[in-house]
Amino acid sequence: QKEVEQDPGPLSVPEGAIVSLNCTYSNSAFQYFMWYRQYSRKGPELLMYTYSSGNKEDGRFTAQVDKSSKYISLFIRDSQPSDSATYLCAVVSGGYNKLIFGAGTRLAVHP
Amino acid sequence: GAVVSQHPSRVICKSGTSVKIECRSLDFQATTMFWYRQFPKQSLMLMATSNEGSKATYEQGVEKDKFLINHASLTLSTLTVTSAHPEDSSFYICSARGTGTATEAFFGQGTRLTVV
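Here's what I pulled together on the structure shown here. From a predicted model like this one, the values you see are computed outputs, not experimental measurements.

Brief notes about the interface of chain B and chain A
Taken together, the contact pairs 23 residues of chain B with 20 residues of chain A. Buried area between chain B and chain A, both sides added, is near 1800 Å², and the carbon and sulfur share of it is 55%. Of the charged contacts in the structure, one is a salt bridge between K98 of chain A and E59 of chain B, with a shortest N-O distance of 3.1 Å. In this assembly, chain B and chain A are joined by five residue pairs in polar contact (both at pLDDT 80 or more). Sorting the residues of the side of chain B that touches chain A by element identifies β4 (30-38), β5 (44-51) and β9 (90-98) of chain B as the ones contributing at least two each. Here the side of chain B that touches chain A takes four residues from β5 of chain B, the largest share from any one element. By residue class, the composition of the side of chain B that touches chain A is nine nonpolar, nine polar and five charged.

Written out as structure tokens, the structure is:
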């Protein structure tokens, strides 16, 4: 079983839609959860990170962690074509706090 | 967020030659740097973790003699792909984490390596 599972998509939505991106993880010891956005042929950029359970909101983006079900989500409200990218969830693991990534979900927001 | 500069962004080399990729943290001191490899439409696979002044820790299945990592200063790490072969063609990305930052890691722009 992979440590972090993420549906690779692709996910196609119309502009203005609410997007829900999800990941599951296997180790209940994970405490930090990240969401990165990656445009084609670019390095990932950190969108948000959360510690333990709960919600965190930043503009149109909301990150949610449910530790009881080992489920992490990213919601994008009022999606824009500029949101079209690959979204990667990640957990922090190990002594060096290395990041373990999900497969990434490719999102396309069409006008 | 903090800035991590990776160079070159693209490189084409002949089979059998070596290629060096640089990763610099521009506005912070990076105690830990990570090197990833990414194949098209796939996720990032961690290759190795390096701490300044120490030997890199390689992930299982990554050849340390082929992918040489040096982290000689708090702002620079290098990855050298030795005796490159076409199967080494990939997108290589570094990330860096600063002192006092347990979680946030900032990524470089990546290097597209093509071995012909």
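Topic: the packing of aromatic side chains
In the structure shown here, the tally under the stated rule is 10 aromatic pairs over all chains. Judged by centre distance (4.9 Å) and plane angle (40°), the rings of Y25 of chain A and F33 of chain A are tilted. Here Y25 of chain A and F33 of chain A have matching classes, each one buried. Between F28 of chain B and F106 of chain B, the aromatic rings sit 6.1 Å apart at their centres with planes inclined by 65°, giving edge-to-face as the arrangement. Taken together, the residues F28 of chain B in the loop between β3 (19-25) and β4 and F106 of chain B in strand β10 (residues 106-107) connect sequence positions 78 residues apart. Accessibility expressed as a relative area gives 18% for F106 of chain B, which makes it buried. In this structure an aromatic cluster arises from ring pairing among Y36 and F101 of chain A together with Y36 and F107 of chain B. The positively charged end of K56 of chain A is found above the aromatic ring belonging to Y49 of chain A, 4.6 Å away from the centroid.

What to know about the sheet that holds strand β7 (residues 61-66) of chain A
Residues and elements named next belong to chain A. Taken together, five strands build an open sheet; the order of strands is β1-β3-β8-β7-β6 and the sheet is antiparallel. Either end of the sheet is taken by a strand with one partner, and the two such strands are β1 (4-6) and β6 (54-58). Each strand axis lies, on average, 15° off the axis of its neighbour in the sheet, ignoring direction.

A few points about the pattern of salt bridges
Residue and element names in this part refer to chain A. One pass over the full model with this rule turns up six salt bridges over all chains. Residues R77 and E57 are paired through a salt bridge, measuring 3.4 Å at the closest nitrogen-oxygen approach. One end of the pair, R77, is in the loop between β8 (71-76) and β9 (85-93); the other, E57, is in strand β6, with 20 residues separating them in the sequence. Of the residues examined, R77 reaches a relative accessible area of 29% and is grouped as partly exposed. For D83, the salt bridge identified is with R60, shortest N-O distance 2.8 Å. Taken together, the residues span a long stretch of sequence, with D83 in the loop between β8 and β9 and R60 in the loop between β6 and β7 at a distance of 23 residues.

Rules behind the numbers
The residue numbers shown here count from 1 along each chain, following its written sequence. Chains and ligands are labelled sequentially in the order written, the chains with letters from A and the ligands with numbers from 1. Given that the model is predicted, a residue must reach a pLDDT of at least 70 before its local features are reported, and side-chain atom pairs must reach 80 or more before they are shown or counted; all residues, however, enter totals for whole chains, interfaces and linings. Excluding hydrogens and water, the side-chain figures rest on all heavy atoms present in the structure. We call two residues in contact when some of their heavy atoms are within 4.5 Å. By buried area we mean the combined loss of accessible area, with a 1.4 Å probe, across both parts when two parts are placed together. Take a side-chain nitrogen of Lys or Arg and a carboxyl oxygen of Asp or Glu: if they are within 4 Å of each other, that pair is a salt bridge. What qualifies as a polar contact is a pair of N or O atoms within 3.5 Å, subject to a donor-acceptor requirement within protein and to the restriction that residues adjacent in sequence count only when both atoms come from side chains. Only DSSP runs of H or I with at least four residues qualify as helices, and only runs of E with at least two residues qualify as strands; both kinds are numbered from the N terminus onward. Basically, the charged four are Asp, Glu, Lys and Arg, the nonpolar ten are Ala, Val, Leu, Ile, Met, Phe, Trp, Tyr, Cys and Pro, and anything else, Gly included, counts as polar. In this scheme Phe, Tyr and Trp rings, the latter by its six-membered ring, pair at centre separations within 6.5 Å, and the angle between planes marks the pair as stacked below 30 degrees, edge-to-face above 60, and tilted otherwise. For each residue, the accessible area found with a 1.4 Å probe, counting protein chains only, is set against the maximum for its type, and the residue is called buried under 20%, exposed over 50%, and partly exposed in between. In this scheme, Lys NZ or Arg CZ marks a charge over a ring once it lies within 6 Å of the ring centre and within 35 degrees of the ring normal. Paired strands are those between which DSSP finds at least two bridges. For helices, the fitted axis covers only the stretch in contact; all axes are lines through C-alpha atoms, and the angles between them, taken along N-to-C directions, range from 0 to 180 degrees.

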